[in-house]
Structure formats: structure tokens, C-alpha cells
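This is what each chain is made of:
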Amino acid sequence: MSGALFQINKILKDEGAILMDLGLKGKVAVITGASRGIGFETAKTLAEEGAKVVITARHEDRLIEAQTAIKEATGVEVDYAVADVTDLPAVQKAIADTATKYGTIDILVNNAGGHRAGSFEEVDNDAWRFDLEIKIIGVANFTREVLPYMRKQASGSIISVVSNSGKTPGPKSVPTSPARSAGLAVIKELSKEYGEYNIRANAVCIGYIRSEQVEKMWQNDPEHPTWEEFSKQKAKDTHTPMGRVGETTEAAKVISFLASDAASYVSGSAVNIDGGASDAM
């Protein structure tokens with residue numbers, strides 16, 4: 001628990017109130033695609049909650065930047081491992097090194113992304129392979145490596161970050177939407193197969209969040225010079241009832257909850273973080 005949160009918690013307890021303890025202190029978490037965006041914010045949030053965090057991504061320079069930024073923001077050290085999710089030897093090394101240092105792995109957040117989208121007849125097999133490699137094989141690589149540690153200790157939490165289009169694919173969204181739908185199926189299968197080991201598997205389905213990609217869209221939109229204007233317009237375009245684009249911190253908090261003991265009976269679920277935009281529950 002961070003110093004500021006500790007003080008707030010103490011004050012509230014003195015006043016007779018009780019804060020929820022997420023139970024993340026000392027937990028070991030591995031997060032893929034964590035050098036930026038939702039992965040980075042999740043790493044920072046988990047570190048603030050007392051977890052021992054390892055961030056992974058493809059580029060070491062970006063990981064070092066993220067590591068430094070988290071230390072400056074929270075005062076907490078995090079580790080990093082360079083690993084492309086589709087590179088099995090690199091994934092195996094990242095997980096083995098983490099387990100050697102910390103003894104086990106409690107949390108895996110599958111966040112690595114990337115996508116290609118187009119009309120069905122125009123998209124070739126290379127594009128299909130690209131998306132499926134990242135969203136299915138990549139998830140399988142990391143998940144397969146952490147499961148022995150989770151089984152041994154009879155506990156663990158696996159969370160996949162996908163788009164809400166995985167529930168309701170739109171036109172001209174292949175191969176990315178079907179790949180995301182398959183990712184949701186993987187999570188459901190894991191929840192069924194490993195529930196007996198007290199291993200929970202869940203997904204979050206993301207709508208428009210203020211990611212690096214969305215920031216670039218704003219910067220290239222001369223008609224909406226302020227973020228507030230752009231955010232409102234994008235929400236209108238995407239039929240988002242809450243009327244704005246979400247923040248990465250909002251996604252990170254939900255992911256951290258699902259990773260925690262506070263969600264100890266939540267498994268096999270796919271939680272929308274999209275301001276109500278999706279037509280699916």
C-alpha cells in the first residue's frame with residue numbers, strides 16, 4: 001500500500017470506515033505489452049497496490065522508459081523482460097527469470113496488441129496469421145508458461161485485454177474482430193479447465209480509451225483542437241452513452257480488481273470497459 005493510501009486508510013479507519021483491501025500486496029504479476037497505454041497503466045496501478053510487477057514488450061528502450069516512469073510516479077521498482085509474445089523461447093525465458101527471482105507467478109495480464117482490419121474479400125492470409133499469432137498464439141505462449149506455477153500453489157488470475165468488437169464484430173473488421181472473439185473463447189475454456197485449481201480467467205473488453213493511437217487521431221483532427229471536443233465527438237461517432245473517451249486509468253483499475261482477491265469468485269467473465277457502447281452485455 002502506498003504511503004498516501006496508507007494515511008487515507010488510517011484516517012478512514014479512525015473515523016469508523018473501512019476501505020476495500022484488494023489483497024495484491026506481495027503478489028507477482030506479469031503484464032505483456034506493458035511499455036505503453038493500458039498495459040503501462042495497469043503495471044503502475046498494481047505496483048501502487050503492492051504487487052511485484054514484471055513488464056514485458058518487444059522493445060527494450062520503451063521498457064526502460066516505462067520502468068523509469070513507474071518509479072518516478074510511484075516510488076516502486078518494477079522489473080522488465082524483453083519478449084515478443086510470438087517468440088516462445090523469449091517468453092519462456094521471461095517467465096523462468098520471473099519465477100526464479102520471486103518464486104512464483106500469481107497474475108498474468110495478456111495485453112499485447114496490434115491489429116489489421118479490412119473487408120473479408122480484401123484481407124489475405126498473411127493478415128489473418130498476423131492477428132491470430134498475437135491474439136491467440138501469443139496468449140497461449142504466456143499462459144502455458146505461467147500455469148504450472150499457478151497450479152502448484154492452487155491460485156492465480158489470468159486476464160486478457162481485448163476489444164469490445166470481440167463480442168459484436170462490425171463490418172470490415174477481419175481478421176481482428178474474429179481473433180478477439182477467439183480470445184474470449186480461450187478465456188472461457190481456461191476458466192472451465194483450471195477452476196479446480198482456484199485459477200481464475202477473465203477478460204476485459206475495451207472500447208475507445210485514450211491510448212497512444214487515439215491520441216494520434218486527435219492530433220490529426222483539426223476540427224476538434226481540444227481533447228474535450230475530440231472526446232465528445234468520438235463518443236458521438238461510436239454511440240458511447242457516457243459521452244466521452246475513457247482513460248487508461250479507468251481500464252487499469254478494473255483489471256487490477258479482477259486480478260485481486262476482491263474478485264475471488266469472478267471467473268469466465270468478459271467485462272465491458274466502453275462507456276456503454278457495446279450492444280452486448
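Criteria and cut-off values
- Residues numbered from 1 in each chain as written.
- Predicted model: local features only at pLDDT ≥ 70, side-chain atom pairs only at ≥ 80, totals over all residues.
- Heavy atoms only, no water.
- UniProt positions renumbered as here; feature names shortened; annotations may be inferred.
- Helix = DSSP H or I, 4+ residues; strand = E, 2+ residues; numbered from the N terminus.
- Rg over C-alpha atoms; globule rule 2.2 N^0.38 Å.
- Buried < 20%, exposed > 50% of the residue type's maximum accessible area, 1.4 Å probe, protein only.
- Areas by Shrake-Rupley, 256 points an atom, 1.4 Å probe, with all protein chains shown as cover.
- Lys, Arg positive; Asp, Glu negative; His and termini not counted.
- Charge placed at Lys NZ, Arg CZ, Asp CG, Glu CD.
- Phe/Tyr/Trp six-rings, centres within 6.5 Å; stacked < 30°, edge-to-face > 60°.
- Salt bridge = Lys/Arg side-chain N within 4 Å of Asp/Glu carboxyl O.
- Pairing = 2+ DSSP bridges.
- Axes fitted to C-alpha atoms, helices over the stretch in contact; angles between N-to-C directions.
- Expected span 1.5 Å × (residues − 1).
- Arc of directions from axis to C-beta.
- Contact = heavy atoms within 4.5 Å.

As recorded in an unreviewed UniProt entry, the protein chain goes by the name Oxidoreductase, short chain dehydrogenase/reductase family protein, listed as coming from Aerococcus viridans. Turning to the protein chain, the UniProt record has this under Sequence similarities (unreviewed entry): "Belongs to the short-chain dehydrogenases/reductases (SDR) family."

(A) Quick peek at the overall build of the protein chain. A tally of regular secondary structure across the protein chain gives nine helices and nine strands. Taken against the 2.2 N^0.38 rule, which gives 19 Å for 281 residues, the C-alpha radius of gyration of the protein chain at 19 Å falls within 12% of a compact globule. In the protein chain, which comprises 281 residues, the proportion classed as buried is 44%. Surface accessibility of the protein chain: about 14,400 Å² in total, with carbon and sulfur atoms responsible for 52%. Positive and negative side-chain charges of the protein chain, numbering 31 and 38 respectively, have mean locations separated by a distance of 3 Å.

(B) Seen up close, unusual backbone geometry. Residue proline 175 is bonded to the preceding valine 174 through a cis peptide linkage, with omega at 5°. Relative to the helices and strands, proline 175 is located in strand E7 (residues 174-175). Despite not being glycine, histidine 239 has its phi angle at roughly 55°, a positive value. Overall, the relative accessible area of 64% leaves histidine 239 in the exposed class.

(C) Molecular detail of the packing of aromatic side chains. Considering all chains together, one arrives at four aromatic pairs under this definition. Arranged with centres 6.2 Å apart and planes meeting at 35°, the rings of tyrosine 194 and tyrosine 197 form a pair that is tilted. The partly exposed category is assigned to tyrosine 197, whose relative accessible area is 30%. Centroid distance tryptophan 227 to phenylalanine 230: 5.6 Å. Interplanar angle 40°. Geometry classified as tilted. In this pair, tryptophan 227 and phenylalanine 230 both sit in helix H8 (residues 227-237), three residues apart, roughly one turn of the helix. The exposure class of phenylalanine 230 is buried, given its relative accessible area of 4%.

(D) Representation of the pattern of salt bridges within the structure. Scanning all chains against the criterion turns up ten salt bridges. Here glutamate 247 makes a salt bridge to arginine 210, at a shortest N to O gap of 3.9 Å. Of this pair, glutamate 247 sits in the loop between H8 and helix H9 (248-259) while arginine 210 is found in the loop between strand E8 (199-206) and helix H7 (212-219), placing the two residues 37 residues apart along the sequence. Residue arginine 210 is classed as partly exposed on the basis of its relative accessible area of 25%. When the shortest N-O distance is used, the salt bridge between glutamate 250 and arginine 244 registers 2.7 Å. Classification of glutamate 250 by relative accessible area gives partly exposed; the value is 31%. What makes arginine 244 partly exposed here is its relative accessible area of 35%. When salt bridges that share partners are traced, they join Arg210, Glu215 and Glu247 into one network.

(E) Expanded view of the sheet that holds E8. Spatially, E3-E2-E1-E4-E6-E8-E9 is the arrangement adopted by the seven strands of the open sheet, whose pairing is parallel. With partners counted over all chains shown, the strands left at the sheet margins are strand E3 (79-82) and strand E9 (270-273), one partner each. Adjacent strand axes in the sheet meet at a mean angle of 20°, parallel and antiparallel pairs treated alike. With eight bridges connecting them, strand E6 (residues 156-163) and E8 associate as parallel partners. Paired with serine 163 across the strands is isoleucine 206, a residue of E8.

(F) The arrangement of the environment of glycine 183 in detail. Along the chain, the position of glycine 183 falls in helix H6 (residues 176-194). Here the alpha-carbon distance between glycine 183 and serine 160, two residues 23 residues apart in the chain, equals 7.8 Å.

(G) Highlighting helix H4 (residues 88-102). Spanning 15 residues, H4 covers 21 Å between terminal C-alpha atoms, matching the ideal 21 Å at 1.5 Å per step. Among the residues making up H4, those that are buried are Ala90, Val91, Ala94, Ile95, Thr98 and Ala99. Here the buried residues of H4 occupy an arc of 165° about the axis, which is enough to place them on one side. Of the exposed residues in H4, the ones pointing more than 90 degrees away from its buried face are Pro89, Lys93 and Thr100. Those residues of H4 that are buried are in contact with strand E1 (28-31), strand E2 (52-57), E3 and helix H5 (125-153). After H4 finishes, the residue glycine 103 shows a positive phi value of roughly 95°.

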